[in-house]
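So the chains spell out like this:
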Amino acid sequence: MTAPLLQVRDLKTWFPIKRGIFARTTGYVRAVDGVTFAVQAGETVGLVGESGCGKTTLGRTLMGLEPRRAGEIHFGGTPLWPRRHSASLPFRRRIQMIFQDPFSSLNPRLTVLDIITEGLLEHGLIRPRERTEAGVRLLQEVGMDPDVLHRYPHEFSGGQRQRLSIARAMALRPDLVICDEPVSALDVSVRAQVLNLLIDLGAAHRLSYLFISHDLGVIRHICSRVIVMYLGVVVESGPTSGIIDHPVHPYTRALVSAVPVPFGSGRQRVILSGEVPSAANPPSGCRFHTRCPYAMPDCSRIAPPLERFQPSTGAAREVACLRKHELA
Amino acid sequence: MNSNPPLLDIQNLSVAFDTDEGPLTAVENVSFSIARGEVLGLVGESGCGKSVTALSLLRLIPMPPGRIQSGKVVFDNRDLLRLPASELQPIRGGQISMIFQEPASALSPLHRVGAQLMETLRLHQAIDRPAAWATSVEWLRKVGIPDPEQRMQAYPYELSGGMLQRVMIAMALMTRPELIIADEPTTALDVTIQAQVLQLLRDMRTQSTALLLITHDLGVVWEMCDRVLVMYASQIVEEGPRSELFHRPCHPYTRALLGSVISLTGSAERLVTIDGQVPSPLSYPRGCRFAPRCPYAFDRCRAGQPPLESIAPQRRSACFMASAFAQGGDMP
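A brief structural summary. (Residues numbered from 1 in each chain as written. Chains lettered and ligands numbered in written order. Predicted model: local features only at pLDDT ≥ 70, side-chain atom pairs only at ≥ 80, totals over all residues.)

## What to know about the overall build of chain B
From N to C terminus, chain B includes 13 helices and 12 strands. Computed over its C-alpha atoms, the radius of gyration of chain B comes to 21 Å, within 12% of the 20 Å expected for a compact globule of 332 residues. Along the longest, intermediate and shortest principal axes, the C-alpha atoms of chain B span 65 × 50 × 45 Å. Counting over 332 residues, chain B shows a buried share of 49%. (Helix = DSSP H or I, 4+ residues; strand = E, 2+ residues; numbered from the N terminus. Rg over C-alpha atoms; globule rule 2.2 N^0.38 Å. Buried ≥ 20, exposed ≤ 12 C-beta atoms within 10 Å, placed from the backbone.)

## Remarks on the sheet that holds strand 2 (residues 22–34) of chain B
All names here are of chain B. The strand order 2-1-4-5 describes an open sheet built from 4 strands, whose pairing is antiparallel. The strands lining the two open edges of the sheet, one partner per strand, are strand 2 and strand 5 (78–79). Summarising the sheet, strand 4 (residues 66–75) and strand 5 pair through 2 bridges and their orientation is antiparallel. Note on strand 5: the bridge partner recorded for F75 is R78. Against the sheet, helix 1 (residues 50–57) contacts strand 1 (8–19), strand 2 and strand 4, and its axis sits at roughly 70 degrees relative to strand 2. (Pairing = 2+ DSSP bridges. Contact = placed C-beta atoms within 7 Å. Axes fitted to C-alpha atoms, helices over the stretch in contact; angles between N-to-C directions.)

## Notes on helix 4 (residues 113–124) of chain B
Because each turn of an α-helix spans 3.6 residues, side chains separated by three or four positions in sequence point in the same direction. Residues and elements named next belong to chain B. Its 12 residues place the ends of helix 4 17 Å apart at the C-alpha level, agreeing with the 16 Å of an ideal helix rising 1.5 Å per residue. Within helix 4, burial applies to V113, G114, Q116, L117, M118, T120, L121 and H124. The secondary structure elements touched by the buried residues of helix 4 are helix 5 (129–142), helix 6 (148–152) and helix 7 (161–173). (Expected span 1.5 Å × (residues − 1).)

## Quick look at the packing of helix 9 (residues 250–258) of chain A against helix 8 (residues 191–204) of chain B
Between helix 9 of chain A and helix 8 of chain B, the least distance of the axes is 8 Å, while the angle of their chain directions is 55 degrees. It follows from the interaxial angle that helix 9 of chain A and helix 8 of chain B lie oblique. Where helix 9 of chain A crosses over helix 8 of chain B, the handedness of that crossing is left-handed. Residue-level inspection shows A:A254, A:L255 and A:A258 of helix 9 of chain A in contact with helix 8 of chain B, the latter providing B:V191, B:T192, B:Q194 and B:A195. (Parallel < 35°, antiparallel > 145°, perpendicular 65-115°, else oblique. Left-handed = near helix turned anticlockwise from the far one by under 90°.)

## Observations regarding the pairing of strand 3 (residues 39–43) of chain B
All names here are of chain B. Where burial is concerned, most of strand 3 is hidden: 5 out of the 5 residues are buried. Residues of strand 3 alternate between two faces, with V39, G41 and V43 on one and L40 and L42 on the opposite face, all of them buried. As defined by bridge partners, strand 3 adjoins strand 8 (residues 210–215) across 5 bridges and the pair is classed as parallel. Across the sheet, V43 pairs through a bridge with T215, a residue of strand 8.

## So, the interface of chain A and chain B
Accessible area lost during the coming together of the parts is what is often quoted as the interface size. The partner chain B presents 35 residues to the 32 residues of chain A that form the contact. Among the elements of the structure, helix 6 (188–205), helix 7 (216–222) and helix 9 of chain A are those that each provide at least two residues to the side of chain A that touches chain B. Sorting elements by how many residues they give to the side of chain A that touches chain B places helix 6 of chain A first, with 7 residues. In terms of residue class, the side of chain A that touches chain B is built from 17 nonpolar, 10 polar and 5 charged. (Nonpolar A, V, L, I, M, F, W, Y, C, P; charged D, E, K, R; others polar.)

## A few points about the nonpolar core
Counting 198 residues, the largest nonpolar core has A:F211, A:V234, B:A170 and B:L212 as its most contacted members. Per-element accounting of this core gives the leading share, 9 residues, to helix 7 of chain B. Ignoring anything within four residues of it in the chain, the contact list for B:A170 reads B:L117, B:W139, B:L140, B:K142 and B:V143. (Core = buried A, V, L, I, M, F, W, Y, C linked by C-beta atoms within 7 Å.)

## Remarks on the sheet that holds strand 5 (residues 78–80) of chain A
All names here are of chain A. Strand order in the open sheet formed by 4 strands is 2-1-4-5, and the pairing between neighbours is antiparallel. Both edges of this open sheet fall to strand 2 (24–39) and strand 5, since each of them pairs with a single strand only. With direction set aside, neighbouring strand axes in the sheet form an average angle of 35 degrees. Along the sheet, helix 1 (residues 55–62) contacts strand 1 (6–19), strand 2 and strand 4 (70–75); its crossing angle with strand 2, the most-contacted strand, is approximately 75 degrees.

## A closer look at the environment of A:K12
All names here are of chain A. Following the sequence through the fold, K12 ends up in strand 1. The partly exposed category is assigned to K12, around which 17 C-beta atoms lie within 10 Å. A sequence separation of 58 residues divides K12 from A70, and the C-alpha atoms of the two residues are 5.0 Å apart. Excluding its chain neighbours within four sequence positions, the residues that come into contact with K12 are V32, D33, G34, R68, R69, A70 and G71.

## Quick look at the packing of helix 3 (residues 112–122) of chain A against helix 5 (residues 158–170) of chain A
Helices that pack against each other are described as a pair by the angle of their axes relative to one another and the distance between those axes. Residue and element names in this part refer to chain A. In the contact formed by helix 3 and helix 5, the axes pass within 7 Å of each other and the chain directions differ by 30 degrees. Between helix 3 and helix 5, the angle is such that the two are roughly parallel. Contacts from V112, I115, I116 and G119 in helix 3 reach L164, A167 and R168 in helix 5. Tallied by class, the residues present in the contact of helix 3 with helix 5 amount to 5 nonpolar, 1 polar and 1 charged.

## A few points about unusual backbone geometry
Between B:M63 and the following residue, B:P64, the backbone shows a cis peptide bond with an omega angle of -10 degrees. One can find B:P64 in the loop between helix 1 and strand 4. The residue after B:P64, namely B:P65, is reached through a cis peptide bond having omega 10 degrees. Its location among the elements puts B:P65 in the loop between helix 1 and strand 4. Phi at A:A23 is positive, roughly 50 degrees, even though this residue is not glycine. You can see A:A23 is positioned in the loop between strand 1 and strand 2. With phi around 50 degrees, B:E184 is a residue other than glycine that occupies positive phi space. B:E184 sits in the buried class, given 20 other C-beta atoms within 10 Å.

Interpretation in functional terms is not warranted from these geometric data alone.
What follows is the structure in structure tokens.
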């Protein structure tokens, strides 16, 4: 196998908790606490988990928007992020991001043309007089009417704004696009349009996506591989259909069974007790043991490593659970 | 249909808001009823008028700019829209409770959770403080809040979204209402917490409380509801018992909505999309409001609005093609 496009090793992003008048650091919120994974060129990888599991922080750390505490990020074989701004510029072109909220992620004072071609000018990929032409081409690519070039974001609906965000991200012909809940704020009928657009653009330009979502249905639809996070760590990862059809880790099981689906019939539902503990003070051992229906005494002492595992039914994957052999 | 009078009967409800660009019709000619103990789902996308419908039932929309233009909301042989405020107040939170989408903004941030629970009880029942305290603690325990005595002393900001929604549910249930209106009660919650809250709402049905569940999530509707209403562009476009409506939708909008649901089991085929977007309430099309996006639309649809008509027992649809849909074409 060729070197992956993105290789992340033992990445940690901690946020200091400051107290008192001297803002002394009294602890850390361990939002991302030792995450390792890779994304191949042209691959769409899903990152799924509930609020507070660290998936958004992980995406932002990869983009260089949050400082990491430890770990390595390699992009196309080169370490990210270089300290010097000039050295980081090529990466800023090659990695783009699409944010969740289409209302706050577009500058309300800029026109559509400014928004979607700003990056092209900044990176010197077009000359100022080629701007309109580039803008028209981008709008057509995301299925919007070129007449809207001189309008402002407030004139568009959520779905159309998300198309503009996509046009902005695609303008620079990136290799990797990090999508942070790109369709969560959209209604179902519009959501399908935007997902289809992302799939088409990904195929046309051989893009890699890191697709962050809490919605397993969306992940299942768009991603070939999925990474399940819980409280800052990866608990299970592998082929999407294999994991959703035959989850091994107790958390993945609960997550899959909790999704209400139309036409579903009396599936065995795992209802977890309690809530996600605080990432400032995560439980010892396996972080899921406080809510796990299968927890045993060892689970509170030993942090299970993420290991390769072949269950009797379902695809090979990586699982972090002490009892995976009994549960599979 | 049973011959018992419905618990709540809504007839021709229309609500408008005055805006700078003119009056905006949020709810138009909406009629439906809820039976005792029934779980009725009200489904639609953002802006379709489902929340305004729910709020109007208890006259909770801000007036002005809102205006209830016409209609009747008959509850207990009384029209809630014409009741004096003094008589409506005991019904709000007493016989009819509401659960809102954002529990954090529905509770007062300045008062302890316990004080808010006790206030609700004492407004509706002749009960002294110690008894109200005890009842509140008991209800917090019933909705699955650990250490209820301590939680009574907590301020809303100290509790998570799932906990607050439980507090809201306890508050809604403890006056033993006949109807609960829940407006997207689990939308702000994570799926595992949503599963807990839905389970709780299911358990609470044993006391024959009716539930009007407003949601955009068809999976939640499937799991919870007996009967379903579908709204589009301020109007009800389809109504029917859950299974029949899901298996044989008789309005193209319902069909499209069901088609765009992303399955957890299906293969990665292309998603069905609904072309275009929801029309603005300030400029609804003249004919059927779904016609510009409808794959089945023909000239008649663009000329006039199809009325919401009965097509089978307990089923209504506002589509000229409804009977054709009713006869053929099952959903997968």
